[in-house]
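Reading the structure
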Amino acid sequence: MAVWRYRDRDSIVVPGAAWRDSCKPGESKQVQEGQPGTGKGHEKMMALWNVLIVVCCCVSAMAVLYFLMIMPRVAGKPDMASFQGWFYAHRGLHDNGGDAPENSMKAFERAVRAGYGIEMDVHLSKDGVPVVFHDDTLERICGVEGKLCDYTYEELQKFRLCGTDQRIPKFEDALGLVAGQVPLVVEMKAGTTDISVCRAADRLLGTYPGVYCMESFNPLAVYWYRRCRKEVVRGQLSDGFLKEGSRGVFYFLLQNLLFNWLGKPDFVAYNHHFPGIWSRRLCRTLYRNTAVAWTIRSKEELEAAKKQFDLFIFEGFTPDSAT
């Protein structure tokens, strides 16, 4: 508590005044520098604040950049209503142990009869013919060595699918069979930089009378549709690559949908085993992007996925309805 002491009419002493008055000439600056709010202590505090401000600005800029990079198409979005209310048979309603193997004409026919939408994969043969096949190589389904792209369409017809009488179909023939009866999800099996399958498949899809969309793991294929066929519904495929053991910057970016700024997808198709990936969840909740789950293999998985996804690609069982 400050105490005022009266000495005489011209002298009032305030605590600390005598101490300040006792400073010799040249000492006042040194003394003042030691007081709070001045000198080296003050400079250090201001430097710390500057560092904090810079860090906050950098974090804010990175957050804004992140949200921009994962942003799907939000303006001029096409109507997705035609795709709602359907389940999609993965590679057709197939049974690799029966007479209707995956991506076969019989599997597509069965899906149409059962009233399911169809997901199918499109490759290019050596002579540039769009064919329906999933793997890059032939060994698993056809039992022969080599890549599909090493064979012409005519050469591919020598091989049987899973030991049945079914052959690798032309994409054109598959489209003719479905003929708009059910919606299609067409996966473009593009190479790392070779996306010529998009152009070749689109020449056929351009006159197709039914409802269809495209999807791809390759962001360049999605970008091709954004640039050349923006009216077509397009989707970015992804997976929990790092969680499954893949490594590298590309897989990190793809897993976290950090290529969305390039393709601006209308939906994201994700491995349903990884619903908690933040970028996927933000696309659905923040940007209202349609979430597609692949590949559902039981009714139990389907019920669990309904909490996190909107559309469903299935195999190995037959869903009752799309409600």
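Residues numbered from 1 in each chain as written. Predicted model: local features only at pLDDT ≥ 70, side-chain atom pairs only at ≥ 80, totals over all residues. Heavy atoms only, no water.

1. As for the packing of helix α4 (residues 105-114) against helix α7 (residues 171-178)
Cut-off, in case you're wondering: Between N-to-C directions, angles span 0 to 180 degrees; the directions come from axes that are lines fitted to C-alpha atoms, helices contributing only their stretch in contact. By definition, any uninterrupted DSSP run of H or I lasting at least four residues is a helix, any uninterrupted run of E lasting at least two residues is a strand, and each is numbered from the N terminus. Should an angle lie under 35 degrees it is considered roughly parallel, over 145 roughly antiparallel, and from 65 to 115 roughly perpendicular; all remaining angles are considered oblique. Definitions for this section: a left-handed crossing has its near helix turned counterclockwise from the far helix by less than a right angle. A right-handed crossing has that turn clockwise. Throughout, a residue-residue contact means that at least one pair of heavy atoms, one from each residue, lies within 4.5 Å. Classification convention: Asp, Glu, Lys, Arg as charged; Ala, Val, Leu, Ile, Met, Phe, Trp, Tyr, Cys, Pro as nonpolar; all other residues, Gly among them, as polar.
Their axes nearest at 10 Å, the elements α4 and α7 cross at an angle of 20 degrees. As judged from the angle between their axes, α4 and α7 are roughly parallel. For the crossing formed where α4 meets α7, the hand is right-handed. Here Met-105, Phe-108, Glu-109 and Val-112 of α4 come into contact with α7, specifically with Asp-173, Ala-174, Leu-177 and Val-178. Within the contact of α4 with α7, the residues separate by chemical class into six nonpolar, no polar and two charged.

2. With respect to the side chain of Glu-315
Rules: Only protein chains enter the area calculation, which uses a 1.4 Å probe; residues under 20% of their type maximum are buried, those over 50% are exposed, and those in between are partly exposed.
Residue position: Glu-315 is located in the segment after β11 (311-314). When its relative accessible area of 15% is taken as the criterion, Glu-315 is described as buried.

3. Overview of the packing of aromatic side chains
Where we set the bar: Stacked, edge-to-face and tilted labels apply to pairs of Phe, Tyr and Trp rings (six-membered ring for Trp) whose centres lie within 6.5 Å, assigned for plane angles under 30 degrees, over 60, and everything in between, in that order.
Summed over all chains, the structure comprises twelve aromatic pairs. Between Trp-224 and Tyr-225, the ring centres sit 5.0 Å apart and the planes meet at 70 degrees, which makes this aromatic pair edge-to-face. There is no split in this pair, since Trp-224 and Tyr-225 are both buried. Ring centres 5.6 Å apart and planes at 45 degrees place the aromatic pair Phe-250 and Phe-259 in the tilted group. You can call Phe-250 partly exposed: its relative accessible area is 41%. Taken together, the aromatic side chains of Phe-217, Phe-241, Phe-250, Tyr-251, Phe-259 and Trp-294 make up a single cluster linked through ring pairs.

4. Let's talk about the pattern of salt bridges
Pairing between side chains becomes possible if they bear opposite charge and their charged atoms approach one another. For clarity, the cut-off: The salt bridge criterion pairs a side-chain nitrogen of Lys or Arg with a carboxyl oxygen of Asp or Glu, the two atoms within 4 Å.
Using the criterion set out here, one finds 14 salt bridges in the structure. When the shortest N-O distance is used, the salt bridge between Arg-140 and Asp-135 registers 2.7 Å. As a salt-bridge pair, Asp-202 and Arg-229 come within 2.5 Å of each other at their nearest N and O atoms. You can see Asp-202 sitting in helix α8 (residues 196-205) and its partner Arg-229 sitting in the loop between α9 (219-228) and β8 (234-238), a full 27 residues away along the chain.

5. Some words on the environment of Met-188
Counting through the fold element by element, Met-188 comes out in strand β6 (residues 184-188). A C-alpha to C-alpha distance of 8.2 Å links Met-188 and Phe-217, two positions 29 residues apart in sequence.

6. Some points on unusual backbone geometry
Trans peptide bonds make up the majority, and among non-glycine residues the majority have a negative phi. A cis amide bond, omega -25 degrees, links Trp-294 with the succeeding residue Thr-295. Residue position: Thr-295 is located in strand β10 (residues 290-296). The phi torsion at Cys-162 lies on the positive side, around 55 degrees, for a residue other than glycine. Using a relative accessible area of 25% as the deciding quantity, one classes Cys-162 as partly exposed.

7. With respect to the environment of Ile-313
Topologically, Ile-313 is positioned in strand β11. For the pair Ile-313 and Ala-269, spaced 44 residues apart in the sequence, the C-alpha separation amounts to 9.2 Å. When neighbours within four sequence positions are excluded, Ile-313 is seen to be in contact with Tyr-88, His-90, Glu-119, Glu-215, Val-292, Ala-293, Trp-294, Thr-295 and Ile-296.

8. Describing α8
By the burial criterion, the buried members of α8 are Val-197, Cys-198, Ala-200, Ala-201, Asp-202 and Leu-205. Summarising the contacts, the buried residues of α8 are in contact with β4 (117-124), β5 (130-132), α7, β6, β7 (212-216) and α9.

9. Some details on the nonpolar core
The following threshold applies: Residues belong to a common nonpolar core when they are buried Ala, Val, Leu, Ile, Met, Phe, Trp, Tyr or Cys residues joined through side-chain atoms within 4.5 Å.
Counting residues in each nonpolar core, the largest one holds 48 residues, and the members touching the most others are Ile-118, Phe-171, Leu-184 and Met-188. Here this core takes five residues from α8, the largest share from any one element. Apart from residues no more than four positions distant in its own chain, Met-188 is found in contact with Val-122, Val-197, Cys-198, Ala-201, Leu-205, Met-214, Glu-215, Ser-216 and Tyr-225. If you look at the next biggest cluster of nonpolar residues, it comprises 13 residues, including Phe-83, Leu-237, Ala-269 and Ile-313.

10. Re the environment of Trp-261
Put simply, the rule reads: The definition of a polar contact used here is a pair of N or O atoms within 3.5 Å, where within protein one atom must be able to donate a hydrogen and the other to accept one, and adjacent residues in sequence count solely through side-chain atom pairs.
Turning to its location among the elements, Trp-261 is positioned in helix α11 (residues 260-263). Under the relative-accessibility criterion, Trp-261 is labelled partly exposed at 43%. Setting aside residues no more than four positions away along its own chain, Trp-261 makes contact with Leu-68, Met-69, Met-71 and Arg-226. Among the polar contacts listed, one links the side chain of Trp-261 to the backbone oxygen of Leu-258, at a separation of 3.1 Å.

11. Concerning the packing of α8 against α9
Interaxial distance between α8 and α9 falls to 11 Å at its minimum, and their mutual angle equals 45 degrees. It follows from the interaxial angle that α8 and α9 lie oblique. Considering only the axes of α8 and α9, their crossing is right-handed. Residues Cys-198, Arg-199, Asp-202 and Leu-205 of α8 touch α9, and the partners they reach there are Ala-221, Trp-224 and Tyr-225.

12. Topic: the confidence of the model for the protein
The condition is simple: As a per-residue measure, pLDDT reflects the predictor's confidence and takes values from 0 up to 100.
In the predicted model, the protein carries a mean pLDDT of 90, and the fraction of residues at 70 or more is 87%. Of the regions scoring below 50 in pLDDT, residues 1-23 engages in twelve contacts with residues more than four places distant in sequence or in other chains. Low confidence marks residues 28-34, where pLDDT is under 50. Its contacts with residues over four positions away, or in another chain, come to five contacts.

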